[in-house]
Every structure is written in C-alpha cells, then in structure tokens.
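Analysis of the macromolecular model
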Amino acid sequence: MRLELPYDEEDLLAVRAGEEVLLSGILHVGRDQVHRRLCGALETGSPLPFDFRGSAIYYMGPSPAPAGHVIGAAGPTTSARMDPYSPMLLEKGLRVMVGKGPRSSAVTDAVARYHGLYLYAYGGCGALYSSCIRSSRIIAYPELGPEALLELVVEDFPTICLIDSTGGQC
Amino acid sequence: MDLYEKLLEELKRAVRILPPDVEALIMSARSREESALGRMVLDRIAENISAARSGPVPLCQDCGMFHALVRVGRSCPYSMAEIGDEITRACRDAAEEAWYRRSTVSDPVYDRVNTGDNLPVVFNWELVDGASVTADILLKGFGSENCSSVRMLRPTDGEDGVIGAVLDMVRAAGGKPCPPMFLGIGIGGTMDKAAMLSKKALVREAGSRHPDPRYAKLEETILERVNSLGIGPGGLGGCCSALSVAVETCPTHIAGLPVALSVNCWADRKAHVEVM
C-alpha cells in the first residue's frame, strides 16, 4: 500500500503490520543527536524545528552527495538507539518512525497508545534509498554534519510495517 | 612500494562493490530463505547491490571505521612507519574520492567532534615470515559493531561454553546488525587479543573453513545453531541469519578462555592488498 506524507489520519490507521508500505512526500530525518535535542527542546519548552503533526521521522545519516546527485547513500540506522527518546516524541505527536531492527517494549507500547507506526526500512540499502529521494535540505542543527536534521522529499520509498497503530506486530 | 596506489583503488571499489565471496553467499541465500519477508529483504539487498555497482553512491551510508589488519614480513624492506603512513593516506584519500560518509569523532565521551576525514585508522599489526606486506582493511560499520562483544569464559567451559556464549551474543544482536550476518570469532589470548582475532576471522574468505577439522566443525555447528534462532534477513524472521562463521585461535592462560565475537552486517566490505 501507499502512504502519502504528511499523512492523513485515516491512511495511517489503515496500515497493518506485515504490509509493504511505499512512502511518498515529506520525510524528516534525524538520528541519535537530533533525538536528544528534540527531547531536550520538549523538556525546556523551546520551539521545535518542525511541526510533528502529520510527520514521519527517518533514522538516517547520509553519505555526501556525489556531483549531480541529490544525496548519497541514505539507508536506515539501528532504531534501538532511539528507543529511550521515542515514547516522549510519540506522546508529543511524532507518530511515524522509519528505521531498522527491533524496538523496546516501551516503544511498542507507546506506538499502540498513541496510534503510531513503526516502519522497517531495508538495512544496508543506502544506494537503493538514494534513488527514491527527490530533494534534501537541512532544516536544523547543521553543526551535526551527517547527523543534521533534514527534510527529504521521497517517492515510492519502500518499507514494511512492523508495528501498526493498533499495536499489531510482525 | 606501491601500497598507497593499490590500496586507494581497492578502497574506492570496496565502498560500492562487495567481494565476490560475500556476494555469492548473499545470492545463494535468496534461493534458500523460507520466510516471505526474509526473501523480500534479500531481494531489496540484491537491488541495492546492483544500484551501488553502477556507482557512484556507496552501498550503505555507514561507510564504516577503517580497521586495518597488516601482516608485515620479517624481511620486508619497509618500516612500520612507512607502511602505516601509506595506509592512512590511502584511507583518507579514498574517503574523499569515493564519497564516504565522515563517521569518525575525535573524542568518544565529551567532544564527539567529527574528524572530517574518517581518520584515524584502527591498526592491528602482525609479524609474519617472508618479505611481503599484506593489508586487509575492513570498512567496519557500527550498526553491527555495536553488537560485537567479548566474554571471559572459565577454562573448563570448553566447546559448549563457546557455542553458548556466541549464541547469547547473536540472540542479543537479533535484527540490529543488518542480518544476514558474517561472524568473526576470536578464541584465546587475552581479552584484547581475542577481540583482534575476531577481526582477523572476518578477513578470511567468507565461507572458508578453519584448517583444524575440530575448529572447522565448530564453525559449522555455530552457523547451524545461529541459523536456527529464526532471526532471518533484516531480523524479520527466517533461516538465513548468518552466512559465514570463521574462528581464529591462539594460546591462552590456564585460568581463562576468552571468546570474542565481531559481528558484521550483510554488507561485509573489505579491501585486500599485497605488496612485495
């Protein structure tokens, strides 16, 4: 099935664990340091660098873009490292996560509680994902280099739903 | 010495194109995998391998940390300083010319400022007979390296203890290291020596067997047991959890049995160069 981003509530709720989901539209990118900073901003009540409503976050840090390319290799990083931060972000409305590997039970519970999605992106497939990305720009924390917060526009970006909004898992 | 030139070319290839032994094992897994999701993962991996081969984008955005295993012949005419400098220079220039992501930070705990050139290289030196210099460079990705570990077993734990420790570590890794995995196991020495041996094991031709039939059997047993854990490609379930297990050993102390596991993702990227 396909999921346009920013997502419509109805479309998000229709996704079931085990289905292949092709993402198109705006995909935000942040990994370890971005998670730390987003949670820090929420704790201190500072403004967030993007609107969580309708958004999805992809755990990724790209390699440099070769000449003539939008971005370099752009596959997922290990989601488990984001586990300590994800429940807080889900609670605050960032409900769709894209990464690789298993999640903690706290994250699984939070996905069900806040009706989110955890989508698996194919680990190690950086060249493949590079070809699904139409544009890329840094929207915050440029000093983090490859870990900066990005906004991508993606097309037919392949994932598999591992945890759906009802808490269903595969 | 043309170590720099040869290694630079090899490293520019290694970030995009897998060694033939590694690619062959991945392709053979596609016909063996029983789980539908596992097959989907392997199909996407195959697509990714073709996309990277046509260049210039690397296979994976994590282009790894350079880990060099260097074997220096006793009668080799070059100094360790010359060899080390050429390897470092080749790594730095390959990262620049082949679009490697810069993934190394200067200080592990406090600053974590990117060094900007993927240096320093982690060196593992070995003195061997002969006059040649052999350099094997792993592009060691950290999704998998975070799953690597050392266990200090009791000397009486024996074969069952070794198998149990490895299975524990692999079970804990689960889907995190981008399976199907390539496993390097170091047994013996001190804690650090076992860890270095586990990297040396990753350098061996994937799927090759240890010359000692007892360790060859141990490799086969571990591979079989790991594949019965059900982790599968991408951690989505299946029988292809690991594609290769290699064991390297050395003498150890009467009081100990160190066992180290280095986990590598399916993108088992490496460069190999030998100069006379």
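Quick caveat: nothing in here was measured; it's all calculated off a predicted structure.

1. Thoughts on the overall build of chain A
Within chain A, the secondary structure is distributed over five helices and seven strands. In chain A, the order of α-helices and β-strands from amino to carboxyl end is β-α-β-α-β-α-β-α-β-α-β-β. Radius of gyration (C-alpha) of chain A: 15 Å, near the 15 Å computed for a compact globule of 170 residues. Counting only C-alpha atoms and orienting by the principal axes, one finds that chain A spans roughly 45 × 40 × 25 Å. Counting every position in chain A, which comprises 170 residues, the buried fraction comes to 58%. In chain A, the share of contacts with a sequence separation of at least 24, taken over all contacts with a separation of at least 6, comes to 63%. Carbon and sulfur atoms make up 50% of the accessible area of chain A, which totals about 6,300 Å².

2. So, helix 4 (residues 80-97) of chain B
Structurally, the α-helix is built with 3.6 residues per turn, so residues lying three or four positions apart point the same way. All names here are of chain B. Across its 18 residues, helix 4 extends 26 Å between first and last C-alpha, which sits within 8% of the 26 Å expected from 1.5 Å per residue. Among the residues of helix 4, those classed as buried are Ile83, Gly84, Glu86, Ile87, Ala90, Cys91, Asp93, Ala94 and Ala95. Taken from the residues just after helix 4, Trp99 is the one with a positive phi, measuring 60°.

3. A look at the pattern of salt bridges
If the charged atoms of two oppositely charged side chains come close together, the side chains can form a pair. Under the defined criterion, the tally for this structure stands at 33 salt bridges over all chains. Of the charged contacts, one joins Arg81 of chain A and Asp32 of chain A as a salt bridge, the two residues approaching to 2.7 Å between their closest N and O atoms. Of this pair, Arg81 of chain A sits in the loop between strand 3 (56-58) and helix 3 (86-91) while Asp32 of chain A sits in helix 2 (residues 32-44), placing them 49 residues apart in sequence. The partner of Arg44 of chain B in a salt bridge is Glu47 of chain B, with the nearest N and O atoms 3.3 Å apart. Placement of both Arg44 of chain B and Glu47 of chain B in helix 3 (residues 36-53) is noted, with a separation of three residues, approximately one turn of the helix. Under the relative-accessibility criterion, Arg44 of chain B is labelled buried at 17%. Linked through salt bridges whose partners overlap, the residues forming this network are Arg31, Asp32, Arg81 and Glu147 of chain A.

4. Regarding the layout of surface pockets
For the largest pocket, the calculated volume is near 960 Å³. Around the largest pocket, the lining is made up of 42 residues, and of these Arg31 and Glu147 of chain A together with Arg101, Ser103 and Arg112 of chain B lie nearest the centre. Those elements that provide at least two residues to the lining of the largest pocket are helix 2 of chain A together with helix 5 (142-145) of chain B. A per-class count over the lining of the largest pocket returns 14 nonpolar, 14 polar and 14 charged.

5. With respect to helix 4 (residues 105-113) of chain A
All names here are of chain A. Those residues of helix 4 that sit buried are Val107, Thr108, Ala110 and Val111. Projected down its long axis, helix 4 carries its buried residues within an arc of 165°, all on one side. Across from the buried face of helix 4, at angles greater than 90 degrees, the exposed residues are Ser105 and Arg113. Just downstream of helix 4, His115 is the residue with a positive phi angle, here 55°.

6. Digging into empty space enclosed by the protein
If you roll a probe as big as a water molecule over the atoms, it shows you where there is empty space left. The full count for this structure, using the stated rule, is two cavities of 30 Å³ or more. Elements with a contribution of two residues or more to the lining of the largest cavity: strand 5 (181-189), helix 7 (191-203) and strand 6 (242-252) of chain B. Tallied by class, the residues present in the lining of the largest cavity amount to six nonpolar, one polar and four charged. Of the pockets and cavities examined, the second largest cavity occupies roughly 40 Å³. Top element by residues in the lining of the second largest cavity is helix 3 of chain A. It accounts for three residues.

7. Focus: the state of the cysteines
Throughout the structure, instances matching the rule amount to zero disulfides over all chains. Free cysteine: Cys125 of chain A, not disulfide-bonded; nearest cysteine sulfur from Cys178 of chain B at 7.9 Å.

8. Thoughts on the packing of helix 6 (residues 158-173) of chain B against helix 8 (residues 213-227) of chain B
Residues and elements named next belong to chain B. It is at 10 Å that the axes of helix 6 and helix 8 come closest, and there the two elements cross at 35°. The way helix 6 lies across helix 8 gives a crossing that is right-handed. In contact with Glu159, Val162, Ile163, Val166, Leu167 and Val170 of helix 6, helix 8 contributes Leu218, Thr221, Ile222, Arg225 and Val226. Here the contact of helix 6 with helix 8 is composed, by residue class, of eight nonpolar, one polar and two charged.

9. Examining the sheet that holds strand 3 (residues 133-140) of chain B
Residues and elements named next belong to chain B. Within the open sheet, the four strands sit side by side as 2-1-3-8. Their pairing is mixed. Unpaired on one side and paired on the other, strand 2 (122-128) and strand 8 (270-275) mark the two borders of the sheet. Ignoring strand direction, the axes of neighbouring strands in this sheet form an average angle of 15°. Bridge count between strand 3 and strand 8: six bridges; the pairing is antiparallel. Bridged to Ile137 within strand 8 is Ala271. Sheet strands in contact with helix 7 are strand 1 (65-73), strand 2, strand 3 and strand 8, and its direction is about 95° off that of strand 3.

How each quantity is defined
Each chain carries its own residue numbering, running from 1 in the direction its sequence is written. Whichever chain is written first is A, and whichever ligand is written first is 1; the rest continue in order. Thresholds applied to this predicted model are a pLDDT of at least 70 for local features of residues and 80 or more for the giving and counting of side-chain atom pairs; totals over whole chains, interfaces and linings are not thresholded and use all residues. Excluded from the side-chain calculation are hydrogens and water; included are all heavy atoms of the structure. For the purposes of this entry, the term helix denotes a DSSP run of H or I that reaches at least four residues, the term strand denotes a run of E that reaches at least two, and both are numbered from the N terminus. We compute the radius of gyration over the C-alpha atoms and compare it with the globule rule, which gives 2.2 Å times the number of residues raised to the power 0.38. Partly exposed residues are those whose accessible area sits between 20% and 50% of the maximum for their type, while under 20% is buried and over 50% is exposed, using a 1.4 Å probe and protein chains only. What makes two residues a contact is simply this: any of their non-hydrogen atoms within 4.5 Å. Areas reported as accessible are Shrake-Rupley estimates using a 1.4 Å probe. Residue values count occlusion only from the protein chains shown. Expected span of a helix: the number of residues minus one, times 1.5 Å. Salt-bridge detection follows one rule: a side-chain nitrogen of Lys or Arg within 4 Å of a carboxyl oxygen of Asp or Glu. A cavity, in this analysis, means grid points on a 1 Å lattice covering only the protein atoms where a 1.4 Å probe fits yet has no way out; a pocket is instead an open set bounded by protein on both sides within 12 Å along at least five of seven lines, and a residue lines either one if it has an atom within 4 Å of a point. Grid points are joined across faces, edges and corners, and a volume is the space filled by probe spheres set on the points. Three classes are used, and their members are as follows: Ala, Val, Leu, Ile, Met, Phe, Trp, Tyr, Cys and Pro are nonpolar, Asp, Glu, Lys and Arg are charged, and the others, Gly among them, are polar. The directions from the helix axis to the C-beta atoms are what the arc is built from. Sulfur atoms of two cysteines make up a disulfide when they are within 2.5 Å. Inter-axis angles, ranging from 0 to 180 degrees, are taken between N-to-C directions of lines fitted to C-alpha atoms, where helices are fitted over the stretch in contact. If you view the pair so one helix is near and one far, a crossing is left-handed when the near helix is turned anticlockwise from the far one by less than a right angle, and right-handed when it is turned clockwise. Strands are labelled as partners when DSSP assigns at least two bridges between them.

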